[in-house]
Amino acid sequence: MENIFTDEYFMKKALQEADAAFEKGEIPVGAVVVIDNRVIARSHNLTELLNDVTAHAEMQAITASANFLGGKYLKDCTLYVTLEPCQMCAGALYWSQISKIVIGARDPQRGYINMGTQLHPKTVVVTGVLEHECGNLMKLFFLNKRRN
């Protein structure tokens, strides 16, 4: 039997969260955290709604996952996120000791990779999963912003 739980499968769940952010007028970044092929946290950007610059999808996902697991470390967890995390989120992910991060679209201006921010040495990073879908949603959001 084929395993339906692929990186693309879970990135589609993160894209659903990004769509929810888009509908709320938030920058469309979505995230899910998975352990043992089970989604334990779903989140999207809430910076406008909460009037909080730290309310990024990743930060919301880290908090929800830690609450679910009953501890601050996200070992054996995978974060699926539609846009490369910023330095703040990468720092929080470092401290969470998350095992794996799967990124949709890269963010060459604000993403942690070009900024030189480090993740935990044991964290595995995969980039480019559903990159076009993730990037196109972001482009559409900012195109709409410029029109208004």
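Residue indices follow the written sequence of each chain, beginning from 1 at its first position. With pLDDT at 70 or above as the cut-off, local features in this predicted model cover only qualifying residues; side-chain atom pairs require 80 or more to be listed or tallied, and sums for whole chains, interfaces and linings still use all residues. The side-chain figures draw on all heavy atoms in the structure; neither hydrogens nor water molecules are used.

Undergrad: Describe the UniProt feature "active site" (unreviewed entry) in the chain, and please don't skip the residues or the numbers.
TA: UniProt positions are given in the numbering used here, feature names are shortened, and annotations may be inferred rather than shown by experiment. In this numbering, the UniProt entry assigns the feature "active site" (unreviewed entry) to E58. Strands here are runs of E lasting at least two residues and helices are runs of H or I lasting at least four, both read from the DSSP assignment and numbered beginning at the N terminus. Note on placement: E58 falls in helix α3 (residues 57-69). We call two residues contacting when some pair of their heavy atoms lies within 4.5 Å. In this structure E58 touches V29, L79, V81, L83, E84, P85, C86 and C89, once residues within four positions along its chain are discounted.

Undergrad: Describe the side chain of E17, naming the residues involved and giving the relevant values.
TA: Here E17 is to be found in helix α1 (residues 7-23). Here's how the labels work: a residue is buried when its accessible area is under 20% of the maximum for its type, exposed when over 50%, partly exposed in between, all with a 1.4 Å probe on protein chains only. Residues scored as positive are Lys and Arg, those scored as negative are Asp and Glu, and His as well as the terminal groups of each chain are ignored. Salt bridges are counted wherever a side-chain nitrogen of Lys or Arg sits within 4 Å of a carboxyl oxygen of Asp or Glu. For the buried residue E17, which engages in no salt bridge, the nearest side chain bearing the opposite charge is R42, 4.3 Å off. Beyond its immediate sequence surroundings of up to four residues, E17 is in contact with G30, A31, V32, R42, S43 and H44.

Undergrad: Residues and numbers for the environment of P28, please.
TA: Tracing the sequence through the fold places P28 in the loop between α1 and β1 (30-35). A relative accessible area of 1% means that P28 is categorised as buried. Along the sequence, P28 and F142 sit 114 residues apart, while their C-alpha atoms lie 9.6 Å from each other. Contact partners of P28, with chain neighbours within four places excluded, come to A18, A21, F22, T82, L137, M138 and F141.

Undergrad: I'd like a rundown of the sheet that holds β1, residues and numbers included.
TA: Judged by pairing direction, the sheet is mixed, and its five strands sit side by side in the order β2-β1-β3-β4-β5 without closing on themselves. A single partner strand is all that each edge strand has here, and the edge strands are β2 (38-44) and β5 (124-127). Recorded for the sheet is a direction-independent mean angle of 15° between the axes of neighbouring strands. Taken together, the six bridges between β1 and β2 define a ladder with antiparallel strand orientation. In the sheet register, V32 faces β2, and the bridge partner there is R42. To get an axis, a line is fitted to the C-alpha atoms, and for a helix only the part in contact is used. The angle between two axes follows their N-to-C directions and goes from 0 to 180 degrees. Together, β3 (78-83) and β4 (100-105) form the strand contacts of helix α6 (residues 131-147), whose direction differs from that of β4 by roughly 60°. A strand pair is defined by DSSP finding two or more bridges across the two strands.

Undergrad: So what about the pairing of β1? Which residues, and what values?
TA: Put simply, side chains in a regular strand alternate between the two faces of the sheet. For β1, the tally of buried residues reaches six of six residues, placing the bulk of the element in the interior. Alternating positions in β1 separate into two faces, G30, V32 and V34 on one and A31, V33 and I35 on the other, with burial throughout. Where β1 folds back onto β2 in an antiparallel hairpin, the turn is made up of two residues, including D36, whose phi is positive at roughly 50°. Relative to β3, β1 runs antiparallel, the two being bridged by four bridges. The partner of V32 across the bridge, within β3, is Y80.

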